[in-house]
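One-letter residues, chain by chain:
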Amino acid sequence: MEQSRLKQQALAVLKRFYGYDHFYPLQWQVISHVMQGRDAVVLMPTGGGKSLCYQIPALLSPGCAIVVSPLLALMNDQVDALRANGVPAAAVNSQQTDTQNRSIIENVFAGNIKLLYISPEKLLSELDMWSHEMKISLIAIDEAHCISQWGHDFRPEYTRLSVLKEHFPSVPVMALTATADRLTRDDIARQLGIADARLFLSSFDRPNISLQVRKNISGRAKLKEIANFIARRPGQSGIIYCLSRKNTETMAQRLQALGIHAMAYHAGMSNNERNAVQRAFINDEVPVICATIAFGMGIDKSNVRWVVHSNMPKSMECYYQEIGRAGRDGMPAEALMFYSLGDMVTLSKFARESGQSQTNIDKLRRMQQYAEATVCRRRILLSYFNESYETDCHNCDVCHNPPERIDGTKLSQMAMSAIARTHEQVGTMMVIDILRGSHKAELLMAGYDRLPTYGVGRHITFGEWNAYLLQMLQLGLIDVMYDEANHLHITPYGKDVLFGRATVMFSKYVKQLPAGSQSKKPAVRPVFAGQHTDEVDTALFEKLRNLRLAIARASHIPPYTVFSDKVLAVMAREKPTTQAEFGTLYGVGEAKTARYWRAFTSVIKQQINQNRPR
Ligand code: ADP
Ligand code: ZN
């Protein structure tokens, strides 16, 4: 089909079923690729809109799309969300009886289902029974990182999914994941037997999540800050990550004692207990969960407004993944991390005792550098995942409270020229020694005293160079090759600076103040549902939210499945009063217009009448 016609049809489907007007970055590219019958690996951050990448092709094609998903709860929530949008979807899984599963499969055969969600083991056991008459439009493998042993969530059943391509050679296969880990990414296409799949890699930036780190606050002061933080965000959902099971329980108890409705969640609880806590959170019955890292994997809840790390996480991968659970709906969300020397001690001990101690210690060090950053934290985070950003984010605590800036171009050129002239065969210490003209034997033996850069940076102390090299790393000018004896490499962005095609700003080196001497005032400001209070009719928003909750309870679906926070905020701003106005709103498709317009517009009209001066 002609591309522009196909795009028109795709946009029509996007509006009709989801109420959206535009595609997110890369969505259309993926959709049109898959519609040509080709395989794809899709890497997008959480909230990037992966689901639509297979749901839209499923709706545009004859037959049924098969979606492989590892987590039962997630599967059911996705099916609920699709049905709420008027899309015929179903799930086959071990929670249903064989008879139920059979009748669903028969429905698929009869052509009544557009998307079938299925667990890998169920799919593999069904496969032989599925004749080739079954019209499969595409196969989507969600959470595809589960196939990799490198990943954090390896599932052996996933490795057998390569048979899918053999079984259905002409059906496009797409693998989707939000994992930012390079080793895992590389594994996916290979393991699935779709070596020719095109890779779609979107930016991993989550600009709507603000980043903040609070240093050297512990014990009661930390608890008080966390309690204040929550109290200033009434009605918002959030997750507090703690280091241990015990910590989750004490944190929840202490918050409860302060009148905050919080519950603990950890791997030591029974399956039933954990499911109950997760359901309560998803259904907006409990706003705050104190959890170990085990929490959050299996949930799609789009209105998690904040994530607090009560302690520093053990790696940037973990941190990124955990903060990513906030703000999936694209509305402003907050990530607040507490970091103290005590965390470093505990985590270093864990790292040393782990199987791959050196790797884990290195990862921990990168996390610590992030915590102690004096440059834009988002740039550090993204450069860790190999994305270079040349501007500051203006949505992190460093950007809000910036240290004094100096032009770092000359200094970084000196350092990078030393790195280049040693053919990228040296680590941080040696680079500094070269720059400062050291007489160390190792340096002289390598002949580095004959380099033109030898001694050009004498005027700067060792400590300062160390700090500036760290900034260069954080800003994405250089990279540490952990698998090559920690040698420094120059990135493409670094080369631009080295050859005078770009400039770079440093934050001026200041000696670290002793712990506790910084201001203790939290830099957080009150927010309402992630938006500034003046932009939204807050009283109306509150009423719409209550209505959403009532509808969700009555129909046994999560509130965010009725409408996301973002849609409610748009509604509270636009105040539609007729079916026609309601139907054109962002995020309101045909099915939801028909089902909900009366209830929501009547609350809006009531509010307008109340506000009218008499
Ligand atoms: P992911 O699976 O990548 O985490 P989702 O597919 O769950 O992301 O999408 C995240 C949120 O963004 C959902 O609420 C979804 O409805 C919304 N969304 C997806 N695509 C669009 C779009 N093109 N326009 C507006 N909202 C979108
Ligand atoms: Zn920033």
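Rules behind the numbers
- One numbering rule holds for all chains: residues counted from 1, following each sequence as written.
- Each chain is given a letter, starting from A, and each ligand a number, starting from 1, according to the order in which they appear as written.
- pLDDT decides what is reported in this predicted model: residues at 70 or higher carry local features, side-chain atom pairs at 80 or more are listed and counted, and totals for whole chains, interfaces and linings draw on all residues regardless.
- Side-chain measures were taken over the full set of non-hydrogen atoms in the model, leaving aside hydrogen atoms and water.
- Nearness is judged by heavy atoms alone; a residue qualifies as near a molecule or strand once a single heavy atom is within 4 Å of it.
- Polar contacts here mean pairs of N or O atoms no more than 3.5 Å apart (in protein, one a potential hydrogen donor and the other a potential acceptor; neighbouring residues in sequence count only if both atoms are side-chain atoms).
- Per-residue and other accessible areas follow the Shrake-Rupley method at a 1.4 Å probe size, with only the shown protein chains counted as cover for residues.
- Residue polarity is assigned by list, with Asp, Glu, Lys and Arg as charged and Ala, Val, Leu, Ile, Met, Phe, Trp, Tyr, Cys and Pro as nonpolar; anything else, Gly included, falls into the polar class.
- Comment: axis = line fitted to C-alpha atoms, over the contacting stretch for helices; angle = value between 0 and 180 degrees taken between N-to-C directions.
- A run of H or I in DSSP becomes a helix once it reaches four residues, and a run of E becomes a strand once it reaches two; helices and strands are each numbered from the N terminus.
- Working rule for angles: under 35 degrees goes down as roughly parallel, over 145 as roughly antiparallel, 65 to 115 as roughly perpendicular, anything else as oblique.
- Every residue pair with non-hydrogen atoms within 4.5 Å of one another is taken to be in contact.
- Throughout this description, buried means an accessible area under 20% of the type-specific maximum (1.4 Å probe, protein chains only), exposed means over 50%, and partly exposed covers the range between.
- Two strands form a pair only when DSSP identifies at least two bridges running between them.
- Excluding water, the donors of a metal are its N, O and S neighbours within 2.8 Å, or within 3.2 Å for Na, K and Ca, and that exclusion means sites may look incomplete.
- Donor angles set the geometry label: tetrahedral for four donors if every angle is between 85 and 135 degrees, square planar for four and octahedral for six if opposite donors exceed 155 degrees and the others are between 65 and 115, irregular for anything else.
- Given a helix with a known number of residues, its expected span is that number minus one, times 1.5 Å.
- In the sections that follow, a salt bridge refers to a side-chain nitrogen of Lys or Arg positioned within 4 Å of a carboxyl oxygen of Asp or Glu.
- Here, the term nonpolar core denotes a set of buried Ala, Val, Leu, Ile, Met, Phe, Trp, Tyr and Cys residues that are joined through side-chain atoms within 4.5 Å.

## Remarks on the site of ligand 1
Consideration 1: Neighbouring ligand 1 are 15 residues, the closest being Tyr20, His22, Gly47, Lys50 and Ser51.
Consideration 2: Between arginine 328 and ligand 1, the recorded distance is 3.3 Å, taken from a side-chain N or O atom to an oxygen atom.
Consideration 3: The fraction of the free accessible surface of ligand 1 (560 Å²) that becomes covered by protein chains is 86%.
Consideration 4: Partitioning the shell around ligand 1 into residue classes produces six nonpolar, seven polar and two charged.

## What to know about the packing of helix H1 (residues 3-18) against helix H3 (residues 50-60)
To describe two helices that pack against each other, one gives the angle between their axes and the distance between the axes.
Consideration 1: Between H1 and H3, the shortest axis-to-axis distance is 10 Å and the interhelical angle comes to 105 degrees. Considering their axes alone, H1 and H3 lie roughly perpendicular with respect to each other. On H3, the residues touching Leu6, Gln9, Ala10, Val13, Leu14, Phe17 and Tyr18 of H1 are Leu52, Gln55, Ile56, Leu59 and Leu60.
Consideration 2: Residue composition of the contact of H1 with H3, by class: ten nonpolar, two polar and no charged.

## Digging into the side chain of serine 202
Consideration 1: Residue placement: serine 202 occurs in the loop between strand E7 (198-201) and strand E8 (209-215).
Consideration 2: Look at serine 202 and you get buried, because its relative accessible area is 12%.
Consideration 3: With sequence-adjacent residues up to four places away left out, serine 202 is seen in contact with Leu26, Leu43, Met44, Pro45 and Glu387.

## Quick notes on the sheet that holds strand E10 (residues 262-265)
Consideration 1: The six strands lie next to each other as E8-E13-E12-E9-E11-E10, forming an open sheet whose pairing is parallel. In this open sheet, the two edge strands, each paired with only one partner strand, are E8 and E10. This sheet shows a mean twist of 20 degrees between the axes of neighbouring strands, independent of strand direction.

## Thoughts on the coordination of the zinc ion (ligand 2)
Consideration 1: Taken together, Cys376 (SG), Cys393 (SG), Cys396 (SG) and Cys399 (SG) make up the full set of protein donors to the zinc ion (ligand 2), lying 2.3 to 2.4 Å away.
Consideration 2: Taken together, the four donor atoms coordinating the zinc ion (ligand 2) span angles of 99 to 120 degrees at the metal, a pattern that classifies the geometry as tetrahedral.

## Observations regarding helix H14 (residues 357-371)
An α-helix turns once every 3.6 residues. As a result, residues three or four positions apart point the same way.
Consideration 1: Taking 1.5 Å of rise per residue, the 15 residues of H14 would be expected to cover 21 Å, and the 21 Å separating its terminal C-alpha atoms lies within 8% of that figure.
Consideration 2: Residues Asp362, Leu364, Arg366, Met367, Gln368, Gln369, Tyr370 and Ala371 constitute the buried set of H14.

## Notes on the sheet that holds strand E1 (residues 40-43)
In any sheet, the strands associate via hydrogen bonds between backbone groups, in a parallel or an antiparallel arrangement.
Consideration 1: The seven strands lie next to each other as E3-E4-E2-E5-E6-E1-E7, forming an open sheet whose pairing is parallel. The open sheet has two edge strands with one neighbour each: strand E3 (89-92) and E7. On average, each strand axis in the sheet is inclined to that of its neighbour by 20 degrees, with strand direction left out of account.
Consideration 2: With four bridges joining them, E3 and strand E4 (residues 115-118) adopt parallel strand pairing. Bridge assignment links valine 92 to a residue of E4, and that residue is isoleucine 118.
Consideration 3: Its contacts with the sheet put helix H2 (residues 27-35) on E1, strand E5 (136-141), strand E6 (173-177) and E7, and the angle it makes with E7 is roughly 165 degrees.
Consideration 4: Helix H5 (residues 98-109) rests against strand E2 (64-68), E3 and E4 of the sheet, and its axis sits at about 140 degrees to E3.

## Some details on the pattern of salt bridges
Consideration 1: The tally for this structure, following the rule as stated, stands at 26 salt bridges.
Consideration 2: Put simply, glutamate 126 and arginine 102 hold a salt bridge, and the shortest N to O gap is 3.5 Å. Of this pair, glutamate 126 sits in helix H6 (residues 120-126) while arginine 102 sits in helix H5, and the two are 24 residues apart along the sequence.
Consideration 3: Notably, a salt bridge pairs aspartate 284 with lysine 301, separated by 2.5 Å at the nearest N-O pair. Of the two residues, aspartate 284 sits in the loop between helix H11 (271-282) and strand E11 (288-291) while lysine 301 sits in the loop between E11 and strand E12 (304-309), which places them 17 residues apart along the sequence.
Consideration 4: With relative accessibility at 23%, the residue aspartate 284 sits in the partly exposed group.

## Examining the nonpolar core
Consideration 1: Among the nonpolar cores identified, the biggest contains 116 residues, and Leu116, Trp130 and Ile141 are the most heavily contacted of them.
Consideration 2: With six residues, the single largest contributor to this core is helix H17 (residues 409-421).
Consideration 3: The residues touching tryptophan 130, leaving out its near neighbours within four places in the chain, are Ile66, Ile105, Phe109, Leu116, Ile118, Leu123, Ile136 and Phe168.
Consideration 4: Of all hydrophobic cores here, the second largest spans 37 residues; its members include Leu6, Val79, Ala89 and Leu176.

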